[in-house]
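# Remarks on the overall topology
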Amino acid sequence: NIRMTAGPVPSFLNLAGAGQCQATPGARQLLEYLVSDEAQQYFAVETFEYPLVAGVALGADLLPIDEISDAARLDFATVAENLEPTLRAISETGLLQ
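Residues numbered from 1 in each chain as written. Predicted model: local features only at pLDDT ≥ 70, side-chain atom pairs only at ≥ 80, totals over all residues. Heavy atoms only, no water.

Once that is clear, we can look at the overall build of the protein chain. Helix and strand counts for the protein chain stand at four helices and zero strands. Overall, the protein chain shows an N-to-C arrangement of helices and strands of α-α-α-α. Evaluated residue by residue, the protein chain yields a buried proportion of 12% over its 97 residues. Summarising the internal contacts of the protein chain: among those between residues at least 6 apart in sequence, 25% fall at separations of at least 24. Summed over all atoms, the accessible surface of the protein chain reaches about 8,200 Å², with 58% contributed by carbon and sulfur. (Helix = DSSP H or I, 4+ residues; strand = E, 2+ residues; numbered from the N terminus. Buried < 20%, exposed > 50% of the residue type's maximum accessible area, 1.4 Å probe, protein only. Contact = heavy atoms within 4.5 Å. Areas by Shrake-Rupley, 256 points an atom, 1.4 Å probe, with all protein chains shown as cover.)

Printed below as a string of structure tokens:
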């Protein structure tokens, strides 16, 4: 569950990628669809993701990415070394109940 609170809202961006490692039937078509205007608009509006394609509108509840605070930055290399402090930090934000 996501808990909404008054005041400044902490931000969390989770970056993901996709690629084609070898000639797999349909892989290129899937990747092309994922970066199509139609798919990017779906992700922006329905799953609150930032579109990767210029000109695709943000979902109504998304701030422009340049307005998101960069006060807390994570080094994911250190996160992978020990998940306990990471899980504790996520819990302390109130993001998950």
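Further remarks concern the packing of aromatic side chains. Within the structure shown, the criterion is met by one aromatic pair. Pairing tyrosine 42 with phenylalanine 43 gives two aromatic rings, centres 5.8 Å apart and planes at 70°, and the pair type is edge-to-face. Phenylalanine 43 sits in the partly exposed class, given a relative accessible area of 22%. (Phe/Tyr/Trp six-rings, centres within 6.5 Å; stacked < 30°, edge-to-face > 60°.)

This brings us to a nonpolar patch on the surface. On the surface, Leu13, Leu15 and Ile65 cluster together into a nonpolar patch covering about 330 Å² of accessible area. For leucine 13, the location among the structural elements is in the segment before helix 1 (27-34). (Patch = residues over 30% accessible without salt bridge, like charges linked within 9 Å, V, L, I, M, F, W, Y side chains within 5 Å. Salt bridge = Lys/Arg side-chain N within 4 Å of Asp/Glu carboxyl O.)

Take leucine 13: its relative accessible area is 38%, and that puts it in the partly exposed class. In this structure the C-alpha to C-alpha distance between leucine 13 and isoleucine 65, which are 52 residues apart in sequence, comes to 9.6 Å. The residues touching leucine 13, leaving out its near neighbours within four places in the chain, are Tyr50, Ile65 and Ile68.

Once that is clear, we can look at unusual backbone geometry. Look at phenylalanine 48: it is not a glycine, yet its phi comes out positive at around 55°. Within the element layout of this structure, phenylalanine 48 appears in the loop between helix 2 (37-46) and helix 3 (76-81).

Before going further, it helps to spend a moment on the pattern of salt bridges. All told, the structure shown has two salt bridges when counted by the stated rule. A salt bridge links glutamate 32 to arginine 28; its shortest N-O distance comes to 2.9 Å. Of the two residues, glutamate 32 and arginine 28 are both situated in helix 1; the distance of four residues between them amounts to about one turn of the helix. Its relative accessible area of 42% is what places glutamate 32 among the partly exposed residues.

One can find glutamine 40 in helix 2. By relative accessible area, glutamine 40 is classed as buried at 4%. The residues touching glutamine 40, leaving out its near neighbours within four places in the chain, are Leu34, Val35, Tyr50, Pro51, Leu52, Val53 and Val56.

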